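Chains, contacts and geometry: an overview
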Amino acid sequence: MSFANITLLATAFTTALIAGLFYAWSCSVIPGLGKLTDANYLSAMQSMNREILNPVFFMSFMGTLFLLPLTTWLLYNPSAPLRFYLLLGATIAYGIGTFGVTIFGNVPLNNALDAFHLQSASPEALSQQRALFEKPWNQLHAIRTIANAIALILVLLAYIIKQDAAKIE
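Residues numbered from 1 in each chain as written. Predicted model: local features only at pLDDT ≥ 70, side-chain atom pairs only at ≥ 80, totals over all residues. Heavy atoms only, no water.

**Some details on the pattern of salt bridges**
- Counted under the stated rule, the structure contains 3 salt bridges.
- Note that E134 is salt-bridged to R130, the shortest N-O span being 2.8 Å. A residue pair is termed a helical-turn pair when its members lie 3 or 4 positions apart in one helix, as E134 and R130 do in helix α5 (residues 123–160) at 4 residues. As far as burial versus exposure is concerned, E134 and R130 are alike and both buried.
- One network of salt bridges, in which partners are shared, links D38, R130 and E134. (Salt bridge = Lys/Arg side-chain N within 4 Å of Asp/Glu carboxyl O. Helix = DSSP H or I, 4+ residues; strand = E, 2+ residues; numbered from the N terminus. Buried < 20%, exposed > 50% of the residue type's maximum accessible area, 1.4 Å probe, protein only.)

**Topic: the side chain of T102**
- Among the secondary structure elements, T102 is positioned in helix α4 (residues 82–115).
- Ignoring any residue separated from it by four or fewer positions in sequence, one finds T102 in contact with F22, F61, V107, P108 and R144. (Contact = heavy atoms within 4.5 Å.)

**Notes on the confidence of the model for the protein**
- Predicted confidence across the protein gives a mean pLDDT of 94, with 95% of residues reaching 70 or more.
- This model gives residues 165–169 a pLDDT under 50, and the stretch forms 13 contacts once residues within four places in sequence are excluded. (pLDDT = per-residue confidence, 0-100.)

**Thoughts on the packing of helix α1 (residues 3–34) against helix α2 (residues 38–51)**
- Interhelical geometry of α1 versus α2 gives an angle of 140° and a closest axis separation of 10 Å. Between α1 and α2, the angle is such that the two are oblique. Facing α1, whose interface residues are W25, V29 and L33, α2 presents Y41, A44, M45 and M48.
- Here the contact of α1 with α2 is composed, by residue class, of 7 nonpolar, no polar and no charged. (Axes fitted to C-alpha atoms, helices over the stretch in contact; angles between N-to-C directions. Parallel < 35°, antiparallel > 145°, perpendicular 65-115°, else oblique. Nonpolar A, V, L, I, M, F, W, Y, C, P; charged D, E, K, R; others polar.)

**Considerations on the nonpolar core**
- With 19 residues, the main nonpolar core has I18, F61, L87, A90, Y94 and V155 as its most contacted residues.
- Of all elements in the fold, only α1, α3 (55–74), α4 and α5 reach the threshold of two or more residues within this core.
- A per-element tally of this core places α4 first, with 6 residues.
- Every residue in contact with F61, bar those within four places of it in the chain, is listed here: I18, F22, Y94, T98, F99 and T102.
- Counting residues in each nonpolar core, the second largest holds 14 residues, with Y41, L113, L126 and F133 among its members. (Core = buried A, V, L, I, M, F, W, Y, C linked by side-chain atoms within 4.5 Å.)

Dropping the structure here:
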(Lines give C-alpha, C1' and ligand atoms only; values in the text may rest on other atoms or scores of the structure.)
Protein backbone atom coordinates (compact mmCIF):
# COMPACT_ATOMS: atom_id res chain seq x y z
CA MET A 1 0.00 0.00 0.00
CA SER A 2 1.41 3.39 -0.98
CA PHE A 3 1.97 6.33 1.37
CA ALA A 4 -0.88 8.17 -0.35
CA ASN A 5 -3.27 5.28 0.31
CA ILE A 6 -2.15 4.97 3.94
CA THR A 7 -2.77 8.69 4.30
CA LEU A 8 -6.23 8.26 2.77
CA LEU A 9 -6.98 5.50 5.26
CA ALA A 10 -5.80 7.67 8.18
CA THR A 11 -7.91 10.55 6.83
CA ALA A 12 -11.00 8.35 6.66
CA PHE A 13 -10.32 7.17 10.22
CA THR A 14 -9.92 10.63 11.76
CA THR A 15 -12.87 12.03 9.82
CA ALA A 16 -15.00 9.11 11.06
CA LEU A 17 -13.86 9.64 14.66
CA ILE A 18 -15.06 13.25 14.63
CA ALA A 19 -18.26 12.36 12.76
CA GLY A 20 -18.96 9.70 15.39
CA LEU A 21 -18.28 12.11 18.24
CA PHE A 22 -20.63 14.72 16.82
CA TYR A 23 -23.29 12.14 15.95
CA ALA A 24 -23.19 10.59 19.43
CA TRP A 25 -23.34 14.04 20.99
CA SER A 26 -26.41 14.86 18.86
CA CYS A 27 -28.19 11.59 19.66
CA SER A 28 -27.52 11.35 23.37
CA VAL A 29 -25.77 14.24 25.05
CA ILE A 30 -27.88 17.11 23.71
CA PRO A 31 -31.23 15.45 24.51
CA GLY A 32 -29.97 14.38 27.94
CA LEU A 33 -28.64 17.82 28.80
CA GLY A 34 -31.86 19.41 27.59
CA LYS A 35 -33.72 17.76 30.47
CA LEU A 36 -31.49 19.30 33.16
CA THR A 37 -32.21 22.39 35.21
CA ASP A 38 -30.50 25.60 34.08
CA ALA A 39 -27.77 25.38 36.73
CA ASN A 40 -27.09 21.69 36.05
CA TYR A 41 -27.13 22.21 32.27
CA LEU A 42 -24.68 25.10 32.42
CA SER A 43 -22.43 23.29 34.89
CA ALA A 44 -22.37 20.14 32.74
CA MET A 45 -21.59 22.12 29.59
CA GLN A 46 -18.80 24.01 31.32
CA SER A 47 -17.30 20.73 32.51
CA MET A 48 -17.57 18.94 29.15
CA ASN A 49 -16.24 21.93 27.22
CA ARG A 50 -13.18 21.96 29.47
CA GLU A 51 -12.60 18.21 29.38
CA ILE A 52 -12.81 17.82 25.61
CA LEU A 53 -9.71 19.98 25.27
CA ASN A 54 -7.34 17.02 25.46
CA PRO A 55 -4.69 15.43 23.21
CA VAL A 56 -6.92 12.58 22.03
CA PHE A 57 -9.59 15.00 20.80
CA PHE A 58 -7.07 17.38 19.24
CA MET A 59 -5.31 14.51 17.47
CA SER A 60 -8.47 13.61 15.56
CA PHE A 61 -10.00 17.10 15.23
CA MET A 62 -6.80 18.83 14.10
CA GLY A 63 -5.48 15.67 12.46
CA THR A 64 -8.43 15.66 10.09
CA LEU A 65 -7.85 19.31 9.26
CA PHE A 66 -4.23 18.46 8.36
CA LEU A 67 -4.82 15.10 6.68
CA LEU A 68 -7.67 16.11 4.35
CA PRO A 69 -5.70 18.65 2.27
CA LEU A 70 -2.57 16.49 2.42
CA THR A 71 -4.46 13.47 1.09
CA THR A 72 -6.17 15.62 -1.54
CA TRP A 73 -2.78 16.79 -2.76
CA LEU A 74 -1.16 13.33 -2.62
CA LEU A 75 -3.94 11.70 -4.63
CA TYR A 76 -4.22 14.36 -7.32
CA ASN A 77 -4.21 12.71 -10.73
CA PRO A 78 -4.92 14.99 -13.71
CA SER A 79 -5.96 12.07 -15.90
CA ALA A 80 -8.51 10.81 -13.37
CA PRO A 81 -9.64 13.76 -11.24
CA LEU A 82 -12.78 12.35 -9.57
CA ARG A 83 -10.97 11.21 -6.42
CA PHE A 84 -9.28 14.61 -6.16
CA TYR A 85 -12.60 16.46 -6.41
CA LEU A 86 -14.23 14.21 -3.82
CA LEU A 87 -11.36 14.86 -1.43
CA LEU A 88 -11.35 18.57 -2.24
CA GLY A 89 -15.06 18.68 -1.42
CA ALA A 90 -14.40 16.84 1.83
CA THR A 91 -11.61 19.27 2.68
CA ILE A 92 -13.87 22.26 2.08
CA ALA A 93 -16.82 20.73 3.96
CA TYR A 94 -14.66 19.89 6.96
CA GLY A 95 -12.54 23.04 6.86
CA ILE A 96 -15.46 25.45 6.68
CA GLY A 97 -18.45 23.50 7.96
CA THR A 98 -16.82 21.57 10.79
CA PHE A 99 -13.60 23.30 11.81
CA GLY A 100 -14.66 26.84 10.89
CA VAL A 101 -18.07 26.58 12.55
CA THR A 102 -16.46 25.11 15.66
CA ILE A 103 -13.72 27.73 15.93
CA PHE A 104 -15.80 30.77 15.01
CA GLY A 105 -19.15 29.64 16.45
CA ASN A 106 -19.07 26.99 19.16
CA VAL A 107 -15.75 27.98 20.75
CA PRO A 108 -16.74 31.63 21.38
CA LEU A 109 -19.96 30.39 22.97
CA ASN A 110 -17.97 27.92 25.07
CA ASN A 111 -15.58 30.67 26.16
CA ALA A 112 -18.44 32.98 27.14
CA LEU A 113 -20.03 30.15 29.12
CA ASP A 114 -16.73 29.32 30.78
CA ALA A 115 -16.42 32.92 32.00
CA PHE A 116 -19.91 32.81 33.52
CA HIS A 117 -19.84 32.32 37.31
CA LEU A 118 -22.55 29.81 38.11
CA GLN A 119 -22.20 29.87 41.88
CA SER A 120 -23.02 33.57 42.23
CA ALA A 121 -25.72 33.74 39.54
CA SER A 122 -29.39 34.22 40.30
CA PRO A 123 -31.97 31.83 38.84
CA GLU A 124 -32.89 34.55 36.32
CA ALA A 125 -29.24 34.99 35.28
CA LEU A 126 -28.87 31.21 34.91
CA SER A 127 -31.96 31.09 32.70
CA GLN A 128 -30.73 34.00 30.60
CA GLN A 129 -27.25 32.47 30.19
CA ARG A 130 -28.76 29.17 29.11
CA ALA A 131 -30.97 30.96 26.57
CA LEU A 132 -27.94 32.80 25.17
CA PHE A 133 -25.96 29.56 24.90
CA GLU A 134 -28.10 26.47 24.30
CA LYS A 135 -30.05 27.16 21.10
CA PRO A 136 -27.22 28.87 19.17
CA TRP A 137 -24.72 26.22 20.27
CA ASN A 138 -27.03 23.37 19.27
CA GLN A 139 -27.75 24.99 15.88
CA LEU A 140 -24.02 25.40 15.20
CA HIS A 141 -23.43 21.84 16.36
CA ALA A 142 -26.04 20.59 13.86
CA ILE A 143 -24.26 22.46 11.05
CA ARG A 144 -20.85 21.03 11.93
CA THR A 145 -22.30 17.53 12.36
CA ILE A 146 -23.89 17.62 8.90
CA ALA A 147 -20.74 19.11 7.35
CA ASN A 148 -18.62 16.39 8.96
CA ALA A 149 -21.00 13.68 7.75
CA ILE A 150 -20.74 15.08 4.22
CA ALA A 151 -16.94 15.16 4.51
CA LEU A 152 -16.91 11.55 5.70
CA ILE A 153 -19.14 10.38 2.86
CA LEU A 154 -16.89 12.14 0.33
CA VAL A 155 -13.75 10.60 1.86
CA LEU A 156 -15.33 7.15 1.81
CA LEU A 157 -16.37 7.62 -1.81
CA ALA A 158 -12.81 8.68 -2.63
CA TYR A 159 -11.56 5.58 -0.85
CA ILE A 160 -13.69 3.21 -2.92
CA ILE A 161 -13.12 4.95 -6.26
CA LYS A 162 -10.53 3.03 -8.25
CA GLN A 163 -8.71 5.15 -10.76
CA ASP A 164 -5.52 4.28 -12.63
CA ALA A 165 -2.46 4.92 -10.45
CA ALA A 166 -4.59 5.98 -7.49
CA LYS A 167 -6.08 2.49 -7.17
CA ILE A 168 -6.45 1.20 -3.60
CA GLU A 169 -4.64 -2.08 -3.25
